[in-house]
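Listed below are the residues making up each chain.
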Amino acid sequence: MDPVHILSWACIVFTVGMFSTGLTDLKKMRESKSAENIQFLPFLTTCLNNLGWLYYGLLKTDRTIVLVNIIGALLQVLYIIVYLHYTKQKRLVMTQTLAAGTVLTLAWFYFTTILPEGDTRLSQLGLTCSAVTVSMYLAPLTDLVQIVRTGDVTCLSFPLTVATFFTSTSWVLYGLRLNDYYIVVPNTPGILTSLVRLYLFWRFASVNLSSPAYKSTVL
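Residues numbered from 1 in each chain as written. Predicted model: local features only at pLDDT ≥ 70, side-chain atom pairs only at ≥ 80, totals over all residues. Heavy atoms only, no water.

## Some details on the nonpolar core
Of all hydrophobic cores here, the largest spans 36 residues; its most connected members are Met29, Phe40, Phe43, Tyr83 and Trp171. Residue assignment for this core shows that the elements contributing at least two residues are helix 1 (3-20), helix 2 (22-32), helix 3 (41-60), helix 4 (63-86), helix 5 (90-114), helix 6 (119-138) and helix 8 (158-178). Ranked by the residues each element gives to this core, the list is headed by helix 4, at eight residues. Ignoring any residue separated from it by four or fewer positions in sequence, one finds Tyr83 in contact with Met29, Ala35, Ile38, Gln39, Phe40, Phe43 and Val93. (Core = buried A, V, L, I, M, F, W, Y, C linked by side-chain atoms within 4.5 Å. Buried < 20%, exposed > 50% of the residue type's maximum accessible area, 1.4 Å probe, protein only. Helix = DSSP H or I, 4+ residues; strand = E, 2+ residues; numbered from the N terminus. Contact = heavy atoms within 4.5 Å.)

## Some remarks on the packing of helix 6 against helix 9 (residues 181-204)
Where helix 6 contacts helix 9, the two axes come as close as 8 Å, and the packing angle between them is 5°. The angle between helix 6 and helix 9 falls in the class roughly parallel. When helix 6 is examined against helix 9, the residues Ser123, Gly126, Leu127, Ser130, Thr133, Val134, Tyr137 and Leu138 are found in contact with a partner set consisting of Tyr182, Val185, Pro186, Asn187, Pro189, Gly190 and Thr193. (Axes fitted to C-alpha atoms, helices over the stretch in contact; angles between N-to-C directions. Parallel < 35°, antiparallel > 145°, perpendicular 65-115°, else oblique.)

## Details of the packing of aromatic side chains
In total, this model carries twelve aromatic pairs according to the counting rule given. Ring plane angle 40° and centroid distance 5.8 Å describe the contact between Tyr199 and Trp202, whose orientation is recorded as tilted. Linking Tyr199 with Trp202, this pair stays in helix 9, spanning three residues, or about one helical turn. With a relative accessible area of 45%, Tyr199 lands in the partly exposed category. Ring pairs connect the aromatic residues Phe40, Phe43, Tyr79 and Tyr83, which therefore count as one cluster. (Phe/Tyr/Trp six-rings, centres within 6.5 Å; stacked < 30°, edge-to-face > 60°.)

In structure tokens:
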């Protein structure tokens, strides 16, 4: 079997699995009838990231990227709707969602109208998506510093850490196989941060499988 085909399926399975960890938070909201202690921004930023990569996949005619990010975007929309239903801060959530929609609209106008078609548009979009993905992977570093200081890893999710590691690894290998460094570069930090988290779980011997599962995701 073609190695690219195998890596493609690995990317699909692991990434959809990672996105599906948000179902834990969805179940928690439905059972408690509350969105308390659930973070909203990861849902929103991941949705924007999914839409960006979806457009990249369409321009590149890469069915793996397209399929993964269609599923990811739909799941994020579901999480957002459920969160909006149960949160007590509806005005804040609506404001953040409106701001994200505005950014998305401006980005769509820029990439489809201002930039010329072809390699320039594809490279600019790839660079933008890569930068956003890297920032999402690096954003929790401040939490990791706090964990090192306190020795408390209850704010981390072990299943999500494992899922992120395999997801990032599969995308890096897939990108290398296609010689697409817009895929390789942004997923490399995902491997590194996952290894750091796994070390922290081992170091402090406190794996909490019941912690909030969804933090952020990527590609």
